[in-house]
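Structural characterization, general
The primary structure of each chain is shown beneath.
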Amino acid sequence: VCSSDLQTKEAKPLQEDMEPHGMHYQIVLRGDPASRTALLSTTIQSSFLLARLLDPPPGPGAQSLSGGRFGSRIFVFTDDLDVTNRLYDDLSNAEAYDIWHRPMPNRQPLAALRASGGQSNPVQDRAGQVWHVPEGIGWMPLSNRLRIGRTSSQDRGVNQDSNVVVATAALEVGFNDPLVGGVIQHKSPHQMASFVQRRGRAGRSTKMRPWMVTKIGRAH
């Protein structure tokens, strides 16, 4: 019920009282069944690309390249333990580890195929097949392996040496990692509360600019 006697006033801070802090990037990727590519494969490729868009490992005693604005670790969440285990194994294979997660001396990570080699190829550039940005920020060479970890009901805790951590809901709450600069959600989460919790794993400081990448099927 409205009344002419009521007055509504807006309470807000003045522009000069505002202080900018960070920024959050949200990307939503939708699967295309016509491409005959599994959504899990897309998640794998997104994972080893996003990890290489964050800060490369600094040298001993050196500060991170961005001063902590982009972090150096990503979490990849799924809602199925079987998918978590497959994603962990497949992502490790993509980074040239064997089934026991040991480095394979005669193989390079798939990311090495995106190296520019110091040359320019317009056709490959237009197709996004040359990763100039990771090379430009210090991920040289791209054949350097990422370290892959896993956190689930079967694997508690987080390996602090990992660049990528594949996780279930076991990592949603109770763990604050200031190095996490990106979160990937494989398929739509079962509950909105889970999505909010997972998104909040990245960007633990106010100056950070975290990424949130969500993979959904075509039917969503």
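Check the entry above for the structure.
Predicted model, so just to flag it, every value in this text is computed and none were measured.

1. Here we look at the sheet that holds strand E2 (residues 73-77)
Spatial ordering of the open sheet is given by E1-E6-E5-E2-E4-E3, a layout of six strands whose pairing is parallel. Each edge of the sheet is formed by a strand with only one pairing partner; in this case those strands are strand E1 (25-30) and strand E3 (148-151). The mean angle between the axes of side-by-side strands here comes to 20°, regardless of whether they run parallel or antiparallel. Judged from the five bridges that link them, strand E5 (residues 180-186) and strand E6 (residues 211-216) form a sheet pairing that is parallel. Considered in E6, the bridge of Ile 184 is made with Val 213. Contacts from helix H5 (residues 192-199) reach E1, E2, E5 and E6 within the one sheet, and its direction differs from that of E6 by about 145°.

2. Focus: the environment of Val 165
Along the chain, the position of Val 165 falls in strand E4 (residues 164-167). Looking at Val 165, the relative accessible area reads 1%, which means it is buried. A C-alpha to C-alpha distance of 8.4 Å links Val 165 and Tyr 88, two positions 77 residues apart in sequence. Those residues in contact with Val 165, other than ones at most four positions away along the chain, are Arg 73, Ile 74, Phe 75, Val 76, Gly 149, Arg 150, Thr 151, Val 158 and Leu 171.

3. A short note on the side chain of Ser 116
Summarising the element assignment, Ser 116 is placed in the loop between helix H2 (81-94) and helix H3 (122-126). Engagement of the side chain of Ser 116 in a polar contact is seen with the side chain of Glu 135, the distance being 2.7 Å. If we ignore the near neighbours within four places in the chain, the residues touching Ser 116 are Val 130, His 132 and Glu 135.

Calculation notes
- Residues numbered from 1 in each chain as written.
- Predicted model: local features only at pLDDT ≥ 70, side-chain atom pairs only at ≥ 80, totals over all residues.
- Heavy atoms only, no water.
- Pairing = 2+ DSSP bridges.
- Helix = DSSP H or I, 4+ residues; strand = E, 2+ residues; numbered from the N terminus.
- Axes fitted to C-alpha atoms, helices over the stretch in contact; angles between N-to-C directions.
- Contact = heavy atoms within 4.5 Å.
- Buried < 20%, exposed > 50% of the residue type's maximum accessible area, 1.4 Å probe, protein only.
- Polar contact = N/O pair within 3.5 Å; in protein donor to acceptor, adjacent residues only side chain to side chain.

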